[in-house]
Amino acid sequence: MKKFYAEALVVSVFIGIFIRVLALLLTGQSLLTSIEDYFFSAVIAMISCTLTFGVHVKVLTNNQYSFITKHMISSMVIIAIYVIGNLYAGGTDVIFQWEFYGYAIAVVLVSLPLIHYFNKRIMRFNEFLHLKKSRHASE
Amino acid sequence: MKLGLVCNNNIRDDVLNKFQSLSIEVYRNADLYVVEEGLHTGLLPCIVFRPDRLDDLSDMLQAFAPTTTSSKIVGFKDDAYHVISHEDIFYFEALDAGVLCHTRSDVFLLKEKLYQLEARLPSDRYIKVSRSFIVHIDAVTRIIPWFNRRLLLKFEHSKKEVEVSKNYVGHFKEFLGMR
């Protein structure tokens, strides 16, 4: 698990920096603008990664939670990451813009099929595992 | 090779005793069936035996007996040998120093090599998941899929975990019946 988490953290740092570079390019700014913000982008990415990793391991793979509960928890994490990212990038002014809420809903809706796919994949593995074990128990 | 048994109920216990005396396990889904004479129609190829000649059946079954007649594993720890029951085993791990048997709370050193264990362990309960690990599937409680076709196996009431390497994922899925 630590190995997987470490891999995810390293990848998230690169993703955070990549998003920063992309945002600067799209807004026509120099890549050398506010060098210290690269560090904050990486930190936000690592926090997002940690939250996502926790959801993947503790929630999505847990048979005790219902499908709806898993979706709700995953959506809350996604919204938390979205809010943090927007507040960091745009300041508190963003909360007075309707686009902020529109994009939030869009992000949640777009991520639902992805969550569903991951959950289905995890559940499939564990269902076959329990089927295999129950056959041994009955023998 | 996995053997199955087809016979009448009145002799079933006697025949099963023959199998058990030779430490041969009987499987529901077998590679080859040992069938009582008269019941073998539709089951060919199979080994047909006569119910009044069970001694001949025993002689024939000798060829299928495993090289070790014990279903237990013997491990070394704290200057003593311990007999480890299959129910307690989580997985086997091959290191330079030898093969370790991991249970919930202990780790034992074994004399056998991993390939020797793989040959004598029940193939429907133990699965090789990488070059260095053989896992007891009944002890696995959760499978966590990861990127790059890897899986992580978690065990009951334990922090121990084993990774299924990507080269073994296909075989593992087949073992679970997913393919």
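Shown above is the structure to which this text applies.
Residues numbered from 1 in each chain as written. Chains lettered and ligands numbered in written order. Predicted model: local features only at pLDDT ≥ 70, side-chain atom pairs only at ≥ 80, totals over all residues. Heavy atoms only, no water.

> Report on the interface of chain A and chain B, specifying residues and quantitative values.
Chain A puts 24 residues into the contact, and the matching count from chain B is 23 residues. In total, chain A and chain B occlude about 2500 Å² of area from one another, counting both sides; carbon and sulfur atoms represent 58% of this. Summed over the shared surface of chain A and chain B, the number is two salt bridges. The salt bridge partner of E7 of chain A is R150 of chain B, with a shortest N-O separation of 2.6 Å. Where chain A meets chain B, there are eight residue pairs in polar contact (both at pLDDT 80 or more). Secondary-structure elements contributing two or more residues to the side of chain A that touches chain B are α1 (2-26), α2 (36-60) and α4 (98-138) of chain A. (Contact = heavy atoms within 4.5 Å. Buried area = accessible area lost by both parts, 1.4 Å probe. Salt bridge = Lys/Arg side-chain N within 4 Å of Asp/Glu carboxyl O. Polar contact = N/O pair within 3.5 Å; in protein donor to acceptor, adjacent residues only side chain to side chain. Helix = DSSP H or I, 4+ residues; strand = E, 2+ residues; numbered from the N terminus.)

> Any details on the pairing of strand β11 (residues 140-145) of chain B? Residues and values, ideally.
All names here are of chain B. In the sheet, β11 pairs with strand β12 (residues 151-155) via five bridges, with the strands oriented antiparallel. Pairing of I143 across the sheet is with L153, part of β12. In textbook terms, the turn of a hairpin is the stretch between consecutive antiparallel strands, and for β11 and β12 this stretch comprises five residues, one of which, N148, has a positive phi near 60°. (Pairing = 2+ DSSP bridges.)

> Please give an account of helix α1 (residues 9-21) of chain B that cites residues and values.
All names here are of chain B. Helix length check: α1, at 13 residues, gives a terminal C-alpha distance of 19 Å against a target of 18 Å (1.5 Å per residue), a fit within 8%. Each element contacted by the buried residues of α1 is listed here: β1 (3-6), β2 (32-36), β3 (47-49) and α2 (54-61). Of the residues trailing α1, S23 is marked for its positive phi of about 55°. (Expected span 1.5 Å × (residues − 1).)

> Pulling in residues and values, what's your account of the packing of aromatic side chains?
Under the defined criterion, the tally for this structure stands at 10 aromatic pairs over all chains. Judged by centre distance (5.6 Å) and plane angle (65°), the rings of F39 of chain A and F40 of chain A are edge-to-face. For F39 of chain A, a relative accessible area of 55% gives the class exposed. Judged by relative accessible area, F40 of chain A falls into the partly exposed class, the value being 38%. Both rings, one in F90 of chain B and one in F155 of chain B, keep their centres 5.0 Å apart while their planes meet at 10°; by these two values the pair is stacked. Pair noted here: F90 of chain B is in strand β6 (residues 89-95) and F155 of chain B is in strand β12, with a separation of 65 residues, a long-range link. Accessibility classification places F90 of chain B together with F155 of chain B in one group, the buried group. Cluster of aromatic residues (ring-pair linked, three or more members): F4, Y5 and F53 of chain A together with W146 of chain B. Taking NZ or CZ as reference, K132 of chain A lies 4.2 Å from the ring centre of F175 of chain B, over its face. (Phe/Tyr/Trp six-rings, centres within 6.5 Å; stacked < 30°, edge-to-face > 60°. Buried < 20%, exposed > 50% of the residue type's maximum accessible area, 1.4 Å probe, protein only. Lys NZ or Arg CZ within 6 Å of the ring centre and 35° of its normal.)

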